[in-house]
Amino acid sequence: MIVDVVLPLPVEQTYTYRVPSAMADDARVGCRVLVPFGPRRMTGLIVAHPPEQSPDDFPFTVKAVLDVLDETPAFTPEMLRLTRWMADYYVCAWGEVVKAALPSGTDVEERRRLARTDTPPGDWADHATARAVLRYLEAHDEATVSGVRQQVGDVPLALLRRLERDGLLTMTKELTAPKVRVKTATHLRFAPAFQHPSAPKDLKAQLRGHKQVAVIEVMAGFRAEGVREPPQTDVMDRAQAAHSTVRSLLDKGMLEAVQKEVLRTPLGDLPAPPTPPERVLHPAQQQALDALTEAVAAERFETFLLHGVTGSGKTEVYIAALKDVLARGKTGIILVPEIALTPQTVQRFRAHFGDRIAVLHSRMSLGERYDAWRHLRSGRFDVAIGPRSAVLAPLDDLGLIVVDEEHEPSYKQFDPAPRYHARDVAVVRALRNDAVCILGSATPSLESIWNARQGKYTLLEMPDRVPVPGHDAAPLPPVRIVDLTLERKKHRLEGALSETLREAIRVRLGRNEQVILLQNRRGYAPVVECQDCGWTPMCHDCSVSLTYHKAKRHLRCHYCGRARQLPRACPSCGSRDLAQLGQGTQRVEEELAQVFPEATVARMDLDTTSRKDAHHTILSRFGEGEADILIGTQMVAKGLDFPRVTLVGVVNADVGMHLPDFRAEERTFQLLTQVAGRAGRAELRGEVLLQTRQPDHPVFQHVLEHDYAAFVEEALPDRRRFGYPPYAHVVGVEFRGPEEDAVQQIAQRWTTVLCQALGREEDDPVEVLGPEPALVGRVKRQYRYHTILKVPRGRRTPRIQEVLRAVNDEVGSLPKNSRLAIDVDAIGLF
Ligand code: ADP
Ligand code: ZN
Ligand code: ZN
């Protein structure tokens, strides 16, 4: 028997292997297999059984599969087709998509292990790389080639072989087992002879040690609670007994030990949410739900764009729709922009779906990830909630996929490939399952609203906030614009907070209400500048200036993370007058502490949330009223619902408006509308203050009037005029490498070949821009060039994907160290 196998490599092709007859029954399509590949062994996935072929049909010797790794196929036929489609659409290798869809750490791999011998280095002592390698090996017992390369840099295998030949190190190949396994724990139960109810009494009579008696009593207690096989650790805890006590009871044959699987979940330490009250949906919610359940019942693929203002009850609609889907024996996926930032949403789903829901998390350990994946695959969980990769959750019988905050850029993956957009994959996956897809947002992306207007998506609208019992619907909060230029003229602006904003904060603090402040820049001062010569510290590895972080008293690069000391004097002219310009979150926090010494301030940005549960801790502190003011980057804009927040202040609404990105204004409108929605969600009325230097900018006017439609009316014609989405697909091609000349040459050559391949198309030609240096032309010592394609929507064949593949083929392999990334439907181009 012959199988086609996909390997986790960035190559287009599949590979053919022979299945030994002993494995023939196990080697089903969708199973992972261990196969020889060149001198190595790798884990691959069986994607087809070409039925009529035999090993003799091939002009080469077909190698045999070494092992079949799965009992149940890891991939269903549906997932095989979906991943195949993604590889095709996003112009990457099938193996790369397969890799993204499988939990990492479960592959069997072959590694080269390295070990230092006692032989002295001799002449090699003068060879810098060799010296570094040997030093590394002396410090590490368990070294691998990749470990050495991580530490020392690019170490050629040839060098390692020469060192091996000279007896300085040994290199052995070994097969490493998967890094993660099923985790088990020991549980205890009474031996069969002692399982009758009166047994514990008899047993106690036979025992002398009071610790042993205590263990038997605890076991009897568990049984009375209906737990027949409690975990050994719990028994020991309750009985205050040691291992040896339990062991002697096992030796006496009174108790037995059993191994049970432990489910690792990232939420183990979060308190389980209380059971939520039954809700009667409001008419707008009910109408939306009716439309959704009708399509679910008919098993009809349909995409709904649920456009509801913040607080209109969208989440409640998702929950009701999901209940309906589960009641029909189907499964569902809920995508959220980032789990850590949407703890309240996740907790609400947990409260309703308890042990049926797998929470997928970007900070899960390998083990947690593996468990969640396995139990989704086996059907033990029938709902997955998580960030973009959850769209690939291995669920059968999908009935519903929800994409909450569908406009969020975090749904697009950039590195590594596949560079997919989870929202678009969600729509395709729903289509292939005759399932319903809900895209929800208060500020839908221009792509989605356009699709709704074209009739591709069904638009459901919820224009009002959910009324609070005993009150009318909380109105959307009034937004006031604070003109920073004017405030400065009137001497009402010293630091970042104008007198107007300070007064508004003061009033809230006086009423014991809470305030959220958005400043979408972290650190203390975004720019340091010598006042005498204009010198500015730059990163050595990236072409960007460094941000001053006061807490650690250092300058840090926000692209590569490298930090260095702030010099005392300008290295260029010696002046001591180094000004700290701009306002990062740390600086605003400091200003708040000075102006409102009595208030407690919590800060939330990338720097305060590096620990695993930091988001949760900060938010629950704020939720419990332990802080009066929450200052942070865009993290504070997302999905939070705190009833006592009555003021939202945007410290500088202009941040982000001037990025050379065609979506800059859309993003600003979305972010400001989102953060404005945090104010006055309950009985207390809210207010929003936007500080800006461009008070008349139309985007701010639309935010002020809560007028999404007006924003769309203004933005769409511009997109059409300039040939941007939704009227075209944008494909970004990024070229990277350590030498600028080489990168530029590759970019030029590739783009030339592309233009030839496109030829002279008569109607709807593809527009090619570049190659040009990227805005940040160098990141982590790599130079970056871009070529951008605008592909008109509905363009006829050949499909752009085929053209791109053909160009790649013709250009052939790139010089060492340089690489090229094709990004279909790119986001954040700069
Ligand atoms: P959105 O997701 O659109 O921001 P939510 O679903 O979070 O809106 O609803 C806003 C608030 O109103 C939440 O506190 C939610 O619990 C409450 N809510 C939503 N629907 C109802 C309802 N039908 N009855 C009572 N309260 C509701
Ligand atoms: Zn200077
Ligand atoms: Zn850097």
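Asks: Teacher, can you tell me more about the environment of Ala-422 here?
Replies: Among the secondary structure elements, Ala-422 is positioned in helix H14 (residues 422-432). Classification of Ala-422 by relative accessible area gives buried; the value is 0%. Separated by 12 residues in sequence, Ala-422 and Ser-410 place their C-alpha atoms 9.0 Å apart. Not counting residues within four places of it along the chain, the set of residues in contact with Ala-422 comprises Leu-335, Arg-388, Val-391 and Tyr-411.

Asks: What should I look at first to understand the coordination of the zinc ion (ligand 3) in this one?
Replies: In an ideal tetrahedron of four donors about a metal, each angle is 109.5 degrees. In an ideal octahedron of six donors, the angles are 90 or 180 degrees. Around the zinc ion (ligand 3), the protein supplies Cys-539 (SG), Cys-542 (SG), Cys-557 (SG) and Cys-560 (SG) as donor atoms, at distances of 2.2 to 2.4 Å. Around the zinc ion (ligand 3), the four donor atoms are arranged such that angles at the metal cover 105 to 114°; this shape is classified as tetrahedral. Using a relative accessible area of 9% as the deciding quantity, one classes Cys-539 as buried. Exposure remark for Cys-560: the relative accessible area of 24% places this residue in the partly exposed category.

Asks: Any chance you could explain the nonpolar core here in plain terms?
Replies: Generally speaking, soluble globular proteins have nonpolar side chains that are buried together. Within the largest apolar cluster, 114 residues are counted, with the highest numbers of intra-cluster contacts made by Phe-75, Met-86, Leu-335, Leu-630, Trp-750, Leu-789 and Leu-804. Setting aside residues no more than four positions away along its own chain, Leu-335 makes contact with Gly-386, Pro-387, Arg-388, Ala-390, Val-391, Val-402, Val-403, Asp-404, Tyr-411, Ala-422 and Ala-426. Judged by nonpolar contacts, the second largest core, of 32 residues, contains Val-317, Val-336, Val-402 and Ile-438.

Asks: How should I be thinking about the coordination of the zinc ion (ligand 2) in this particular structure?
Replies: Surrounding the zinc ion (ligand 2) are the protein donor atoms Cys-530 (SG), Cys-533 (SG), Cys-570 (SG) and Cys-573 (SG), at 2.2 to 2.4 Å. Taken together, the four donor atoms coordinating the zinc ion (ligand 2) and their angles of 105 to 113° define a geometry best described as tetrahedral. Here the donor residues for the zinc ion (ligand 2) map to a single chain with the spacing C-x2-C-x36-C-x2-C. With a gap of 43 residues between them, Cys-530 in strand S20 (residues 527-530) and Cys-573 in the loop between strand S23 (563-565) and strand S24 (578-581) connect regions that are remote in the sequence. A relative accessible area of 40% places Cys-573 in the partly exposed class.

Asks: In this structure, what is going on with the site of ligand 1? I would like to understand it.
Replies: The local shell around ligand 1 holds 17 residues, among which Arg-279, Val-280, Lys-314, Thr-315 and Arg-348 are the closest. Within the backbone of Gly-311, an N or O atom sits 2.9 Å from an oxygen atom of ligand 1. Here Gly-313 contributes a backbone N or O atom positioned 2.9 Å from an oxygen atom of ligand 1. When isolated, ligand 1 has an accessible area of 550 Å², and the protein chains bury 80% of it. For the shell around ligand 1, the leading source of residues is helix H11 (residues 314-327), giving three residues. Split by residue class, the shell around ligand 1 holds four nonpolar, seven polar and six charged.

Asks: I tried to follow the packing of aromatic side chains on my own but got confused; where do I start?
Replies: Enumeration over the complete set of coordinates arrives at 13 aromatic pairs. Judged by centre distance (5.8 Å) and plane angle (85°), the ring pair of Tyr-524 and Tyr-548 falls under edge-to-face. Of the two residues, Tyr-524 is situated in the loop between strand S19 (514-518) and S20 and Tyr-548 in strand S21 (residues 547-549); the sequence distance between them amounts to 24 residues. This pair shows no difference in class: Tyr-524 is buried, exactly as Tyr-548 is. Considering the side-chain rings of Phe-662 and Tyr-724, the 4.1 Å spacing of their centres and the 15° angle between planes classify their relative orientation as stacked. On the criterion of sequence distance, the pair formed by Phe-662 in the loop between strand S27 (645-650) and helix H20 (664-676) and Tyr-724 in the loop between helix H22 (708-722) and strand S29 (728-737) is long-range, its members being 62 residues apart. This pair shows no difference in class: Phe-662 is buried, exactly as Tyr-724 is. An aromatic cluster is built from Trp-85, Tyr-89 and Tyr-90, whose rings are joined through pairwise contacts.

Parameters and conventions
Residues numbered from 1 in each chain as written. Chains lettered and ligands numbered in written order. Predicted model: local features only at pLDDT ≥ 70, side-chain atom pairs only at ≥ 80, totals over all residues. Heavy atoms only, no water. Helix = DSSP H or I, 4+ residues; strand = E, 2+ residues; numbered from the N terminus. Buried < 20%, exposed > 50% of the residue type's maximum accessible area, 1.4 Å probe, protein only. Contact = heavy atoms within 4.5 Å. Donors = N, O, S within 2.8 Å, 3.2 Å for Na, K, Ca; no water. Tetrahedral: all angles 85-135°; square planar, octahedral: opposite > 155°, others 65-115°. Core = buried A, V, L, I, M, F, W, Y, C linked by side-chain atoms within 4.5 Å. Near = heavy atom within 4 Å. Polar contact = N/O pair within 3.5 Å; in protein donor to acceptor, adjacent residues only side chain to side chain. Areas by Shrake-Rupley, 256 points an atom, 1.4 Å probe, with all protein chains shown as cover. Nonpolar A, V, L, I, M, F, W, Y, C, P; charged D, E, K, R; others polar. Phe/Tyr/Trp six-rings, centres within 6.5 Å; stacked < 30°, edge-to-face > 60°.

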